[in-house]
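Chains, contacts and geometry: an overview
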Amino acid sequence: GAILVFSRSVDWCPYCQLQAIDLNDRYQEFEELGYRVAVVTYDSPDAALKFTKKHEIVYPILSDKGSVAIRNFGLLNKNVDPNSQQFGIPHPAIYVVANDGTIMNRFFEEGYKERPSLDDILAYLKRP
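For the structure given in this document, a descriptive report is provided here. (Residues numbered from 1 in each chain as written. Predicted model: local features only at pLDDT ≥ 70, side-chain atom pairs only at ≥ 80, totals over all residues. Heavy atoms only, no water.)

The subject of this paragraph is helix 4 (residues 118-126). Considered for burial, the residues of helix 4 that qualify are Leu118, Ile121, Leu122, Tyr124 and Leu125. Take helix 4 and look down its axis: the buried residues cluster within an arc of 155 degrees, on one side only. Contacts made by the buried residues of helix 4 are with strand 1 (2-7), helix 1 (14-32), strand 4 (93-97) and strand 5 (103-108). At the N-terminal boundary of helix 4, the capping side chain belongs to Ser117, with an oxygen 3.1 Å from the backbone nitrogen of Asp119. (Buried < 20%, exposed > 50% of the residue type's maximum accessible area, 1.4 Å probe, protein only. Helix = DSSP H or I, 4+ residues; strand = E, 2+ residues; numbered from the N terminus. Arc of directions from axis to C-beta. Contact = heavy atoms within 4.5 Å. Polar contact = N/O pair within 3.5 Å; in protein donor to acceptor, adjacent residues only side chain to side chain.)

This brings us to the pattern of salt bridges. Across all of its chains, the model carries three salt bridges by this definition. A salt bridge links Arg26 to Glu29, with the shortest nitrogen-to-oxygen separation between them at 2.9 Å. Within this pair, Arg26 and its partner Glu29 are both found in helix 1, separated by three residues, close to a single helical turn. Residue classification places Glu29 among the partly exposed residues on the basis of a relative accessible area of 30%. One salt bridge in this structure joins Arg26 and Asp119, with 2.8 Å as the shortest N-O distance. Placement of the pair is Arg26 in helix 1 and Asp119 in helix 4, with a sequence separation of 93 residues. Overall, the relative accessible area of 18% leaves Arg26 in the buried class. Linked by salt bridges that have partners in common, Arg26, Glu29 and Asp119 make up one network. (Salt bridge = Lys/Arg side-chain N within 4 Å of Asp/Glu carboxyl O.)

Here it is, written out as structure tokens:
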């Protein structure tokens, strides 16, 4: 399966950066349960690569050019001015996806400062 983490920006959002680093620290726990982790952000590939190298991130950070996936998942933050540099950011969310592509669960918090607990997601994955 997969853990898809929709993140505002690993380039400028400190909450997203902390979440990405925390995911990196706990990546092996998800792997041991059979789940691969990927972060999806509206950041450019260069910005994602810079963050990946700086923090030695072991999972992919995917650049969603034009926020296509972000829109398709219904996560586009429409409160951002379309003329703003930040237009295209998602509301942060984490999806658990089964091997067959079925979305098993979505973890979501109101606001961008609070993020779903990785402990809660791991507990969900370990349930019988």
